[in-house]
Amino acid sequence: MSPGHGPAAERPGSASAELPGWPAGLPVAAGTPVTAPGADPLAGHPGVAGLVPGAPTAARRTGRLRAVATTVVAALLVSVLGAPLGLLWAAVAPDTPVRKTAEGAVYATSQPEQPIAADGWFSLLGLGFGVLVAIGLWILLRRRRGPVGLFAGVLGGLGAAVLAWQVGRRIGLGTYQRLLAGAPDGTDFTKPADLRAGGVDWYLGLLPVPHGDLLLAAFGAAVMYTLLAGWSRWPSLRPEPAAAWPPPGPEPAAGWPPPGPEPAAGWPGISSGPEDRPAH
């Protein structure tokens, strides 16, 4: 009976008892390729070792804390990118013509198109921003692909959209407020771009809940990241080590011809002629 397959392998505290189904009884030398029989299947994925059943609880807890920390840091970095996004929105979105009256500012035309254009530009920029964020997280966080990248893209997209809205709507807002307060009635000027189909509501007065156009950046990031994961060539979503080929095995017997499409010339007893008897 070979070692590792007898009753001793089932003793409490043994490797087989702690890790049911774990390949045991196959001694493997150090440096054996991952694809070889008996090799450690986690040799190419050191970050997964802490998640194996029976592994120390502290290692699994550390892995979870690192995943949460990576998600928060990546989401914050993505959120900061909302500032240049807001500047770009303010540059491309048109201002709305208004007229000063005794009741305040009113539209200079009956059906202005500028507010709709401002919402449209913000939607397009936010959606494209989310797609680019998902691609960037997929490339930069190669070892953390999965829930970490997805949550970082969604949370970062929400934060970036809110920041872009607040930055963009304040470009030229001071001039508009001064004209609204001091200009005589009948004066025409412009109002900076703002959102009419998006904003932030406060749940119970404590938790901000974005809605409308502010959700499109997170939506674009979630959809693009899911598509990248669905079309990934690796089941684990992470680049895996290349399999060794040809697979390791015993050396060919001495005197046997090297592999090739045709039998090597000069080797006795090897022929493909019709008069040859079949080998037994």
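Since we're looking at a predicted model, the values are computed, not measured.

(A) Structural context of the overall build of the protein. Looking only at helices and strands, the protein features seven helices and five strands. Across the protein, helices and strands are ordered from the amino to the carboxyl terminus as α-α-α-β-β-α-α-α-β-β-β-α. Excluding contacts between residues fewer than 6 apart, the proportion of contacts in the protein whose partners are at least 24 apart in sequence is 66%. For the protein, the exposed surface amounts to about 18,400 Å²; the carbon and sulfur share of it is 66%.

(B) Structural detail: the packing of aromatic side chains. In the structure shown here, the tally under the stated rule is three aromatic pairs. Taken together, a centroid distance of 5.8 Å and an interplanar angle of 55° make the contact between Tyr176 and Phe189 tilted. Taken together, the residues span a long stretch of sequence, with Tyr176 in helix H6 (residues 173–182) and Phe189 in strand E3 (residues 188–191) at a distance of 13 residues. Take Tyr176: its relative accessible area is 11%, and that puts it in the buried class.

(C) Structural detail: unusual backbone geometry. The backbone of Leu204 shows a phi angle near 60°, a positive value even though the residue is not glycine. Looking at the secondary structure, you find Leu204 in the loop between strand E4 (198–203) and strand E5 (207–212). The class for Leu204 is exposed, based on a relative accessible area of 70%.

(D) Expanded view of the side chain of Thr96. Residue placement: Thr96 occurs in strand E1 (residues 96–101). Classification of Thr96 by relative accessible area gives buried; the value is 6%. Beyond its immediate chain neighbours, meaning those up to four positions away, Thr96 contacts Tyr107, Pro112, Gln114, Pro115, Phe189, Thr190 and Lys191.

(E) Representation of the packing of helix H3 (residues 82–92) against helix H4 (residues 114–140). At a minimum axis separation of 10 Å, H3 and H4 run at an interaxial angle of 145°. The element H3 and its partner H4 pack so that their crossing is right-handed. Of the residues in H4, those touching H3 at Leu85, Leu88, Trp89 and Val92 are Ala118, Trp121, Phe122, Leu125 and Phe129. Residues belonging to the contact of H3 with H4 are distributed by class as follows: nine nonpolar, no polar and no charged.

(F) Region of interest: the pattern of salt bridges. Across all of its chains, the model carries two salt bridges by this definition. In this structure, Arg99 engages Asp188 in a salt bridge whose closest nitrogen and oxygen atoms are separated by 2.7 Å. Of the two residues, Arg99 sits in strand E1 while Asp188 sits in strand E3, which places them 89 residues apart along the sequence. Measuring nitrogen to oxygen at the nearest pair gives 3.4 Å for the salt bridge that ties Arg169 to Asp194. Of the two residues, Arg169 is situated in helix H5 (residues 147–169) and Asp194 in the loop between E3 and E4; the sequence distance between them amounts to 25 residues. What makes Arg169 partly exposed here is its relative accessible area of 22%.

(G) Layout of a nonpolar patch on the surface. Residues Leu127, Phe219, Val223, Leu227 and Trp231 make up a contiguous nonpolar surface patch of roughly 560 Å² in combined accessible area. At three residues, helix H7 (residues 216–230) tops the list of elements feeding residues into the nonpolar patch. Looking at the secondary structure, you find Trp231 in the segment after H7.

(H) Region of the structure containing the nonpolar core. With 26 residues, the main nonpolar core has Trp89, Phe122, Phe129, Leu137, Trp165, Leu195 and Leu214 as its most contacted residues. Beyond its immediate stretch of four places on either side in the chain, Trp165 contacts Trp89, Phe122, Asp194, Leu195, Gly199, Val200 and Leu214.

(I) Layout of the sheet that holds E1. Taken in spatial order, the three strands make up an open sheet running E2-E1-E3, and their pairing is antiparallel. Either end of the sheet is taken by a strand with one partner, and the two such strands are strand E2 (104–107) and E3. Put simply, the sheet's adjacent strands are angled 50° from each other on average, direction ignored. Strand direction decides the pairing type here: E1 and E2, joined by four bridges, are antiparallel. The partner of Lys100 across the bridge, within E2, is Ala105.

(J) Just the side chain of Ser123, in detail. You can see Ser123 is positioned in helix H4. Polar side-chain contacts of Ser123 include one of 3.2 Å to the side chain of Asp213. Beyond its immediate stretch of four places on either side in the chain, Ser123 contacts Asp213 and Leu216.

(K) Highlighting the environment of Thr226. Structurally, Thr226 can be placed in helix H7. Along the chain, Thr226 and Ala134 lie 92 residues apart, while their C-alpha atoms are 8.9 Å from each other.

(L) Focus on the packing of helix H2 (residues 57–80) against H5. The geometry of H2 relative to H5 is characterised by a closest axis approach of 7 Å and an angle of 30° between their N-to-C directions. With respect to their mutual orientation, H2 and H5 come out roughly parallel. Crossing handedness for the pair H2 and H5: right-handed. Along the contact surface, H2 presents Ala67, Thr70, Thr71, Ala74, Ala75, Val78, Ser79 and Val80, while H5 presents Val148, Phe151, Ala152, Leu155, Gly156, Gly157, Gly159, Ala160 and Leu163.

Cut-offs used in this document
Residue indices follow the written sequence of each chain, beginning from 1 at its first position. This being a predicted model, a pLDDT of at least 70 is required before a residue's local features are given, and a value of 80 or more before pairs of side-chain atoms are given or counted; all residues contribute to the totals for chains, interfaces and linings. Calculation of side-chain values draws on the structure's entire complement of heavy atoms; hydrogens and water are dropped beforehand. Going along the chain from the N terminus, every DSSP run of H or I of four or more residues is numbered as a helix, and every run of E of two or more is numbered as a strand. Contacts between residues were defined by any pair of non-hydrogen atoms, one from each residue, lying within 4.5 Å. Here the Shrake-Rupley method, with its probe set to 1.4 Å, supplies the accessible areas, and only the displayed protein chains count as covering residues. Any two of the Phe, Tyr and Trp rings considered here, Trp counted by its six-membered ring, make a pair once their centres fall within 6.5 Å; the pair's planes then place it as stacked at under 30 degrees, edge-to-face at over 60, or tilted in between. Whether a residue is buried, partly exposed or exposed follows from its accessible area with a 1.4 Å probe, protein chains only, as a fraction of its type maximum: under 20%, in between, or over 50%, in that order. In this description, a line fitted to the C-alpha atoms serves as the axis of each element, helices being fitted only across the stretch in contact, and the angle between N-to-C directions of two axes falls anywhere from 0 to 180 degrees. What makes a crossing left-handed is the near helix being turned counterclockwise from the far one by less than a right angle; a clockwise turn instead makes it right-handed. In this classification, Asp, Glu, Lys and Arg are treated as charged, Ala, Val, Leu, Ile, Met, Phe, Trp, Tyr, Cys and Pro as nonpolar, and every other residue, Gly included, as polar. Take a side-chain nitrogen of Lys or Arg and a carboxyl oxygen of Asp or Glu: if they are within 4 Å of each other, that pair is a salt bridge. Each patch groups residues whose relative accessible area exceeds 30% and which form no salt bridge, using 9 Å between like charges and 5 Å between nonpolar side chains of Val, Leu, Ile, Met, Phe, Trp and Tyr. Nine residue types can take part in a nonpolar core, namely buried Ala, Val, Leu, Ile, Met, Phe, Trp, Tyr and Cys, and a core is a set of them joined through side-chain atoms within 4.5 Å. Should DSSP find at least two bridges between two strands, the strands are regarded as paired. Nitrogen and oxygen atoms within 3.5 Å of one another constitute a polar contact, given that in protein one can donate a hydrogen and the other can accept it, and given that sequence-neighbouring residues count only through two side-chain atoms. Geometric relationships in this document are graded by angle, where less than 35 degrees denotes roughly parallel, more than 145 denotes roughly antiparallel, 65 to 115 denotes roughly perpendicular, and other angles denote oblique.

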